[in-house]
Amino acid sequence: MDFNSSGGGSELHNNHYHHVEDSKPLLGEMSTPTPPEGNNNNKMGAGPYRRTLIPSSTGMRYKLLQEGDAQVCVVKHPRTFLSKLLTSKFLRRWEPHHLTLTDCSLASATPLGYMESPLSYSCIEDLQLLCWDNAPKYCLQLSFPGGTILLQAANSYVRDQWFHSLQWKKKLYKYRKVLTNPSRWEVVLKEIRGLVELALTSPLQDDSIHQAPLHIISTLLAENTNLSAQEHESIIVAIAPLLENNPPPPDLCEFFCKHCRERPRSMVVIEVFTPVVQRILKHNMDFGKCPRLRLFTQEYILALNELNAGMEVVKKFIQSMHGLTGQCPHPRVLPNLVAVCLAAIYSCYEEFINSRDNSPSLKEIRNGCQQLNDRRPALPLRLLRPATPTPPTTPSPTPPVQTPLPLSPPPTIINSSEVLVELERNNNVANARLKGPAGGDSEPNLIDCLLGSPALSALTIQLPGQANRVLRCFALILKMLSDYDDWRPALASLLQPIPFPKEALAHAKFTKELKYVIQKFAEDPRQEVHSCLLSVRSGKDGWFQLYSPGGVACDDDGELFASMVHILMGSCYKTKKFLLSLSENKLGPCMLLALRANQTMVEILCLMLEYNIIENKDTQLQIISTLESTQVGRTLYEQLCERQRELRELQRKGGPTRLTLPSKSTDADLARLLSSGSFGNLENLSLAFTNVTSACAEQLIKLPSLKQLNLWSTQFGDPGLRLLSEHLACLQVLNLCETPVTDAGLMALSSMKSLCSLNMNSTKLSADTYEDLKAKLPNLKEVDIRYTEAW
């Protein structure tokens, strides 16, 4: 730096500074002798000045300055009589500058005058605060070889902010220089401790105060990889205080990961890494921005698993993350744990996933097009065509819409050196099913990718020992996550799109471990949980498909499938749409389980007959034969026949066209009334001010001619509304005034295209749902939305 000002002072005795290390005293004496008290001949202002240092223990906190405006004045050390005159207060001037605190120097945005060249921090010998008696000036003194720089701020707070920021930058520069080329690690460790202490005691309040030392130390560790285990632990313990409130930078994460892998039983892992990982899981917002944080968390959990009681330690760690109460207070913990588990499970199959590029594509496997001539596989690839197994005989009639499940041939073993893809094609029907729609270029769904057809044998993957341990550990964590009631809805939502690779779903060991989680979802009574068993959208497979008979994960002859169907049918999914899906895709498994006297499947087959889901007469006869083959089936089928006779009697032409029930009538009263005669002509039914609930929808859907329904001030809710929307497509007028219906049920009305009058007065209708209904109901002319959010 060179100060050649036009009027502010003479040239220095040479044009550059000598580098001065911070080993010198912080408060050095200036070259100009201090005048005795009362002598004002050499004043720098209105009164005698004194140099003071405001300690950081005053409690004041400051924001770290990176740049700012200040008045600058340079005083050169006087050596001649002429230089003394030029540096006197009468000829001294101040220059305005916009100063920037870089990593190594103090520079000006306008490099002119006093600040023509940047001032390196190594040149600053002394840094002091100045104040004058009887003069409101707030200055900072920077001493350098040959002179002094004065920085004047607008007030005392800004002056102190400049002082602490310059002091921080200067000391950080020294530590960065010392730790760049370490000589002895004893000295390095001492400097690291000094750097940590500097960050902890600094009055500056900024994220970079703790992050900058961590980056310096991580750079040091990245450039020196041959450290001993003891040196590893010493450094980790030294920087532990900085990690309490700050995430480690990427290079430091690599260092921590290495320590976890090499010394998983070290006490440093428990004592130092535990609060760091806890903070990551509680506060991290996106692992995609810093994937090494996720990798460090994964390695930490694996290190816990290596302890003598590894699984118990991991379980206690998960419990600590949830907390002692029934509700976890940290909303980010669950998604972060799930992200770590998914990445760890993916890594177990990464070698097999990478081999996809050298194997037939999914579409080629699906269509049987083995185009291997243009490929250069890095791994040997064989396509095996075993003999088609003979289907077993079954004691019951088999519906023509679904072929019986054949016995599976011996599984194919996939390992890292060889990929065996076993394809089985039974007949031309199976081939057509594999190819899908003619001319379709869409990728096959998940089950097609894994099996090719419902009769295709599953793939078995053999993992090495370490991958097996990783898989077992993180599958256990998923199990533990599903045990918490407050976490289960979010966990089900995160797992609904099936985020695992198809290699994992083809691995029997993994699907067996994950079955516990799926069972927890199936047993949960909340709709938001068990509804996640279904696919996230049409055309995609969900857990319901994978764990149903014929799915790649089914290993229990359909027990889990029956429980999933039971919980889904017991909720709002007791609809024709769900039954239609079962009849199209899972009729064979349903009939097989009904033959084994499964209560749920018997009820399903009865509902299919009752709602006319099955149109094929031969299939209807096979279902009837299946029902009559067991005692529970015969009982429910006889009840169905009795209901059908009553239904025919009810729907016989005749009876009133209009009917109003007395107030206080119940669901039982309505059922009793409708069973008393024929109501085939009933078009207008008023249940206003009665005590009917959604349960009466089972009776209402039996009225074939119903066009107007008044439910004003009843307890008719969303489940009943969904049932009406599927069975009463001809309904034209519906009054839901003062009923407990919500958006969830009102949205089902979008399928009732004949509606022309709809009263939703005093309901929980929202504006978005109202706009959606208007767009989907073209014949809607009269709408009452008073006293709703849409009003």
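Sequence order as written defines the numbering, with residues in each chain counted from 1. Given that the model is predicted, a residue must reach a pLDDT of at least 70 before its local features are reported, and side-chain atom pairs must reach 80 or more before they are shown or counted; all residues, however, enter totals for whole chains, interfaces and linings. Think of the side-chain values as coming from all heavy atoms in the structure, minus any hydrogens and water.

The protein is annotated in an unreviewed UniProt entry as C-Maf-inducing protein from Anguilla anguilla.

### Overview of the pairing of strand E3 (residues 95-101)
Relative accessibility under 20% of the residue-type maximum defines a buried residue, over 50% an exposed one, and the middle range a partly exposed one, all with a 1.4 Å probe and only protein chains included. Put simply, DSSP marks the helices as runs of H or I at least four residues long and the strands as runs of E at least two long, and each gets a number from the N terminus on. Burial of the side chains of E3 is restricted to one face: Glu95, His97, Leu99 and Leu101 are buried, whereas none of Pro96, His98 and Thr100 on the reverse face is. Pairing of strand E2 (residues 67-76) with E3, which is carried by six bridges, proceeds in the antiparallel orientation. Within E3, the residue paired with Glu67 across the bridge is Thr100. Pairing analysis gives three bridges linking E3 to strand E4 (residues 105-108), with the strands arranged antiparallel. In this description, strands pair whenever DSSP reports at least two bridges between them.

### Some details on the state of the cysteines
Linking two cysteines covalently through their sulfur atoms gives a disulfide. Only a pair of cysteine sulfur atoms within 2.5 Å qualifies as a disulfide here. The tally for this structure, following the rule as stated, stands at zero disulfides. Between Cys260, a free cysteine, and Cys257, which holds the nearest cysteine sulfur, the sulfur-to-sulfur gap is 6.5 Å. Taking the relative accessible area as the measure of exposure, Cys260 reaches 2% and is therefore buried. For Cys606, which is in no disulfide, the shortest distance to another cysteine sulfur is to Cys641 and amounts to 8.6 Å. Looking at Cys606, the relative accessible area reads 4%, which means it is buried.

### Considering the environment of Gly551
Residue position: Gly551 is located in the loop between helix H20 (543-546) and helix H21 (559-569). For Gly551 and Asp541, which are ten residues apart along the polypeptide, the C-alpha to C-alpha distance reads 10.0 Å.

### Observations regarding the sheet that holds strand E14 (residues 684-686)
The strand order across the open sheet built from six strands is E13-E14-E15-E16-E17-E18, with neighbouring strands paired in parallel fashion. Looking at which strands have only one partner, the edges of the open sheet turn out to be strand E13 (658-660) and strand E18 (782-784). Ignoring strand direction, the axes of neighbouring strands in this sheet form an average angle of 5°. Taken together, the three bridges between strand E15 (residues 708-710) and strand E16 (residues 733-735) define a ladder with parallel strand orientation. Within the sheet, the bridge partner assigned to Gln708 lies in E16 and is Val733. The convention used is that axes are lines fitted to C-alpha atoms, helices contributing only their stretch in contact, and that angles between N-to-C directions extend from 0 to 180 degrees.

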